[in-house]
Amino acid sequence: MALQLLRTVEQAAQFAERLRLEHKRLALVPTMGSLHQGHLALVHEGRRRADLVVVSIFVNPTQFGPREDFSRYPRNLQADLAECEAAGAHAVFAPEPVEMYPPGYQTFVEVAEVSKGLCGARRPGHFRGVATVVAKLLALFRPQVAIFGEKDFQQLQVIRQLNRDLNLGARIVGVPTVRETDGLAMSSRNVYLSPAERRRALSLSTGLLEAQRLVRDGRTDARELVAVLRSALAQAEVREDYVEVVDAQTLERLETVHSTRPARILVAAFVGNTRLIDNAPLNPDGRAEDGQAEE
Ligand code: AMP
């Protein structure tokens, strides 16, 4: 089946309605485009879990702050369509902003607690924009499965919560972060990095690895884990936005890592003007492939 391009909400609704009548299972993969191997891993996971996969490609204006990179965010629809087709997606939903937010639009979704700290504290309104657009996409397509990356770990927990709270009925699946061979987490924003910045950016993933190694060696004090990651950033002259050890489900800050309570270490940092995020599990259960993932 050739890749179908859906440009309007009406076309998307008709596509979803037809699948329901045919009793086909749909997987939704929401993205902002400029697709890389990380996004394509989500498409592959969708193919394993459903009959059809729809990828949404939408640079969502409501999740960008006034001083953030909305206007210069990389956009590459033709290349993205080819990638989606090659990965075996069945449809791409690529609406214009006015389709999603027509004049007079006034409804927003706020996930109160889990949006609070970390990126939520540094990017006011960001998760309100994310929750709103994902709620709209889930309501429009009513997919059986929706696939997200662990790369955006707080976002994944925000979406699990909104899916539960609004009874949107999707199974929310998290996919582990796909990395370049040297460890850098793949991101559409990596194109902003100069070659020298690209090398300095490695301090995020190497610092995470060092923290994981400490835990394997039996260290449990969160301050020590945070410190080792901070020193990796400092050595590379990368400016920390935050470094925190948190409970993998509630995202509450932890002082101590226990083997029985899934924990994650999360980092956000500026390499030059580019803000990057990354995270890693700290104990065997830290992937947070929790019961809620499969509800
Ligand atoms: P974005 O286009 O950056 O909004 O990302 C769309 C989806 O792809 C989100 O669920 C991200 O978490 C996921 N994603 C982005 N980068 C990666 C990666 N390196 N590995 C796995 N998933 C990713």
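**Some words on the overall build of the protein**
Of the regular secondary structure elements, the protein holds nine helices and nine strands. Over its C-alpha trace the protein gives a radius of gyration of 19 Å, about what one expects of a compact globule, namely 19 Å for 295 residues. Oriented by its inertia axes, the alpha-carbon framework of the protein measures out at about 55 × 40 × 40 Å. Sorting the 295 residues of the protein into buried and exposed places 56% on the buried side. Partitioning the intrachain contacts of the protein with sequence separation of at least 6 by distance along the chain shows that 72% fall at a separation of at least 24. When the accessible surface of the protein is totalled, it reaches about 13,700 Å², and 49% of it is carbon and sulfur. With 37 positive and 37 negative side-chain charges, the protein shows a spacing of 1 Å between the two charge centroids.

**Looking at the site of the ligand**
Surrounding the ligand, one finds 17 residues, the nearest of these being His39, Gly149, Asp152, Val178 and Met186. Backbone polar atom of Gly149 to an oxygen atom of the ligand: 2.9 Å apart, as the coordinates give it. A distance of 2.8 Å separates a nitrogen atom of the ligand from a polar backbone atom of Val178. Put simply, the parts of the chain that give the shell around the ligand at least two residues each are β2 (26-31), α2 (37-49) and β5 (145-149).

**Structural notes on the nonpolar core**
Among the nonpolar cores identified, the biggest contains 46 residues, and Phe15, Val54, Phe93 and Phe141 are the most heavily contacted of them. Counting residues per element, this core draws most heavily on helix α6 (residues 126-141), at 10 residues. Not counting residues up to four positions away in its chain, the partners in contact with Val54 are Phe15, Leu26, Ala27, Leu28, Val29, Ala91, Val92, Phe93 and Phe141. Formed by 28 residues, the second largest nonpolar core is a distinct cluster that contains Leu204, Val228, Ala236 and Leu282.

Reading guide: rules and limits
Residues numbered from 1 in each chain as written. Predicted model: local features only at pLDDT ≥ 70, side-chain atom pairs only at ≥ 80, totals over all residues. Heavy atoms only, no water. Helix = DSSP H or I, 4+ residues; strand = E, 2+ residues; numbered from the N terminus. Rg over C-alpha atoms; globule rule 2.2 N^0.38 Å. Buried < 20%, exposed > 50% of the residue type's maximum accessible area, 1.4 Å probe, protein only. Contact = heavy atoms within 4.5 Å. Areas by Shrake-Rupley, 256 points an atom, 1.4 Å probe, with all protein chains shown as cover. Lys, Arg positive; Asp, Glu negative; His and termini not counted. Charge placed at Lys NZ, Arg CZ, Asp CG, Glu CD. Near = heavy atom within 4 Å. Polar contact = N/O pair within 3.5 Å; in protein donor to acceptor, adjacent residues only side chain to side chain. Core = buried A, V, L, I, M, F, W, Y, C linked by side-chain atoms within 4.5 Å.

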